[in-house]
Amino acid sequence: QVQLVESGGGLVQPGGTLNLSCTASGRIYSILAGAMGWYRQAPGKQREERELVATITESGGTNYADSVKGRFTISRDSAKTTVVLQMNSLTPEDTADYYCNLLDYNGQIYWGQGTQVTVSS
């Protein structure tokens, strides 16, 4: 099993910056060989409507949603257990619950509990 713990959400003004962090623990091989990422669920949306924000593979390859390209940056520490999402130039449309995600080599998906991000003046 893998546990994911997120931190860093909160209230920020439009144009502001916020960093989200997610640390994985548990089955170490699943973590080291897995891809990690962030998804978000906007207010009023269902779990099935979570949208990809950004992902990073065990080798450092990244992928971003078009809506965040150029504004968000995902990174992973050298231990490969912590992933950080740096979010710049935030807009109210970025308001959502953000969930950390890990996809391991067996196709098993793990989710964190989520952290709320609110962009408002």
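Residues numbered from 1 in each chain as written. Predicted model: local features only at pLDDT ≥ 70, side-chain atom pairs only at ≥ 80, totals over all residues. Heavy atoms only, no water.

1. Side note on the state of the cysteines
Filter applied, for reference: Criterion for a disulfide: a pair of cysteine sulfur atoms within 2.5 Å. Only DSSP runs of H or I covering at least 4 residues are called helices, and only runs of E covering at least 2 are called strands; the numbering of each starts at the N terminus.
A full pass over the atoms with the stated rule returns one disulfide. Between the sulfur atoms of Cys22 and its disulfide partner Cys100 the distance amounts to 2.0 Å. For the disulfide bridge between Cys22 and Cys100, the dihedral angle about the S-S bond is near -80 degrees, and by the sign convention the bridge is left-handed. Within this pair, whereas Cys22 is found in strand β3 (residues 18-26), its partner Cys100 is found in strand β9 (residues 96-103), the two being separated by 78 residues in sequence.

2. Looking at unusual backbone geometry
Applied cut-off: Per-residue accessibility, obtained with a 1.4 Å probe over protein chains only, is compared with the maximum for each type, and a residue is labelled buried under 20%, exposed over 50%, and partly exposed between these values.
Although it is not a glycine, Lys80 sits at a positive phi angle of roughly 65 degrees. Looking at Lys80, the relative accessible area reads 29%, which means it is partly exposed.

3. Observations concerning a nonpolar patch on the surface
Stated formally: Each patch is built from salt-bridge-free residues with over 30% relative accessible area, joining like charges within 9 Å and nonpolar side chains (Val, Leu, Ile, Met, Phe, Trp, Tyr) within 5 Å. Note that accessible areas follow from Shrake-Rupley with a 1.4 Å probe, and for residues the cover is restricted to the protein chains shown. One side-chain nitrogen of Lys or Arg within 4 Å of one carboxyl oxygen of Asp or Glu is enough to make a salt bridge.
Judged by side-chain polarity, Ile28, Tyr29, Leu32 and Tyr105 come together as a nonpolar surface patch covering roughly 400 Å² of accessible area. As for its position among the elements, Tyr29 is in helix α1 (residues 28-32). By relative accessible area, which is 52% here, Tyr29 ends up exposed.

4. Some details on the pattern of salt bridges
Throughout the structure, instances matching the rule amount to five salt bridges. With a closest N to O distance of 3.9 Å, Lys45 and Glu49 form a salt bridge. Of the residues examined, Lys45 reaches a relative accessible area of 42% and is grouped as partly exposed. Exposure remark for Glu49: the relative accessible area of 40% places this residue in the partly exposed category. Notably, a salt bridge pairs Lys69 with Asp66, separated by 3.1 Å at the nearest N-O pair. Because the salt bridges share partners, they merge into one network encompassing Arg40, Glu51, Arg71 and Asp94.

5. A closer look at the nonpolar core
Heads up, the rule is: By nonpolar core is meant a set of buried Ala, Val, Leu, Ile, Met, Phe, Trp, Tyr and Cys residues that side-chain atoms within 4.5 Å join together. By the convention used here, residues are in contact when the closest approach between their heavy atoms is within 4.5 Å.
Within the largest apolar cluster, 29 residues are counted, with the highest numbers of intra-cluster contacts made by Leu4, Trp38, Leu85, Met87 and Tyr98. For this core, the secondary-structure elements that each account for two or more residues are β1 (2-7), β3, β4 (35-41), β5 (51-56), β7 (72-76), β8 (82-87), β9 and β11 (115-119). Apart from residues lying up to four places away in sequence, Tyr98 is in contact with Glu6, Leu20, Trp38, Tyr39, Arg40, Val53, Phe72, Leu85, Met87, Gly114, Thr115 and Val117.

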